[in-house]
Amino acid sequence: MERWLQQRYAEMHPGSENNEKFRILGYQWRVLRFNDETRQSTAKIMAAYRESDPGSVFIMQQANCLAVPYLKSVLSVGLASIASCNYDLMNAIHGKKTMNILCIGHGGGSLPLFLASKIKGAVVHIVEIDPLVISASTQAMGFPHFSVMSPSGERVLSEPDPTSEVLWKGVHERLFLFESDAEEFIQNANKIYDLVFVDAYDGDDIFPYKLRDPNSPFLKALKNRLNAEHGTVVVNLHSDSDILDNVGSIPSLNRLPPMGRYVSGVCQAYKDVVAGNGRCGLGFTVSAPWVCNTSLAVCRGFRTDGGSLDRDKVLNTLISKSLEVENVMNLPFSCLQYIKRGFILAD
């Protein structure tokens with residue numbers, strides 16, 4: 001890492017007589033919490049300094065580290081789903097085409113940072129309603145400060161500082177962090193998004209009703225901001241109960257525990273409003289391992305061999321695409337367990 005920082009500095013300062021060296025102080029796990037009980041996000045932080053100025057300590061979030069299992073779940077589900085919709089994900093990964101991504105809910109910023117680092121063509125908009133969360137992510141969690149946007153839509157910093165250029169050049173230019181209410185943002189947006197992640201909980205750890213109400217302006221606006229051919233939405237949901245019956249399907253609503261009804265209801269709302277009733281629109285859920293989370297995906301334009309959208313063909317297509325994505329992106333984890341676990345295809 002010290003050699004990498006030195007090489008990056010040399011690239012930023014060609015011909016400089018000052019051959020700057022860097023020293024790593026160490027690594028640390030940092031946690032952002034809603035309250036004393038609920039962890040919002042976890043990030044791995046590196047601390048370092050310039051040898052010529054030992055007081056110049058800076059921190060950098062490790063972009064390839066998704067510490068919380070549900071993040072690996074939503075990422076695996078989202079990328080496998082959009083790849084199954086005939087989207088040219090490979091060219092986006094290699095930076096040959098632009099991929100417009102929206103992340104609703106920021107936390108420490110691990111997911112958008114991972115996406116921008118691994119997908120060279122990704123342009124990532126992030127919406128966070130709480131200014132304290134934004135401050136914590138940039139000041140304590142090592143998220144690139146150059147990403148922060150002003151209410152006018154301009155960057156808060158007109159240009160990144162030299163250290164940020166060394167750390168993030170090629171990445172932070174494609175991150176745009178907005179302080180905004182999600183409903184207001186999506187209603188005023190003029191961009192069409194290929195992939196949307198929704199991971200938004202309030203201070204009481206509750207998924208806001210207006211983000212799941214089928215009659216809400218949010219879902220209707222989201223429908224219009226999603227690419228008509230391959231648009232994909234992934235939602236992180238808390239699920240405190242195992243809602244599957246012994247054959248891997250959803251029991252009838254009157255047999256579901258309260259959290260099961262909640263997950264099933266959100267899934268139906270997103271599928272009906274966002275995916276629509278088109279021939280290739282579908283929705284499904286998977287269970288994130290080791291935590292009480294469910295990943296919901298709805299997408300347009302899903303394709304299988306033979307055209308049928310029955311459970312087995314959809315799952316096999318997702319598995320095949322997840323293996324392709326995993327190999328091309330050189331992911332530090334296997335997508336397979338996150339695709340298969342508790343897979344339920346929505347009616």
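Above: the structure in question.
Everything quoted here is computed from the prediction, not taken from an experiment.

(A) Main features of the sheet that holds strand E8 (residues 232-238). In space, the 8 strands of this open sheet follow the order E6-E5-E4-E7-E8-E10-E9-E11, with mixed pairing throughout. What marks the edges here is a single partner per strand, and that holds for strand E6 (175-179) and strand E11 (344-345). In the sheet, strand E9 (residues 282-288) pairs with strand E10 (residues 293-299) via 7 bridges, with the strands oriented antiparallel. Considered in E10, the bridge of Gly 283 is made with Val 298.

(B) The side chain of Asn 236, seen in detail. Inspection of the secondary structure puts Asn 236 in strand E8. Among the residues examined, Asn 236 registers a relative accessible area of 2% and is labelled buried. A polar atom in the side chain of Asn 236 sits 2.9 Å from the side chain of Asp 199. Side chain to side chain, Asn 236 and Asn 293 meet in a polar contact 2.9 Å long. Apart from the residues lying within four places of it in its own chain, the contact partners of Asn 236 are Tyr 70, Val 74, Val 198, Asp 199, Tyr 201, Asn 293 and Thr 294.

(C) Expanded view of the environment of His 94. Looking at where His 94 falls in the secondary structure, it is placed in the loop between helix H3 (89-93) and strand E4 (99-104). Measuring from C-alpha to C-alpha, the distance between His 94 and Asp 213 comes to 37 Å, with 119 residues separating the pair along the chain. Those residues in contact with His 94 that lie beyond four places of it in its chain are Lys 120 and Val 328.

So, how was this worked out
Residues numbered from 1 in each chain as written. Predicted model: local features only at pLDDT ≥ 70, side-chain atom pairs only at ≥ 80, totals over all residues. Heavy atoms only, no water. Pairing = 2+ DSSP bridges. Helix = DSSP H or I, 4+ residues; strand = E, 2+ residues; numbered from the N terminus. Buried < 20%, exposed > 50% of the residue type's maximum accessible area, 1.4 Å probe, protein only. Polar contact = N/O pair within 3.5 Å; in protein donor to acceptor, adjacent residues only side chain to side chain. Contact = heavy atoms within 4.5 Å.

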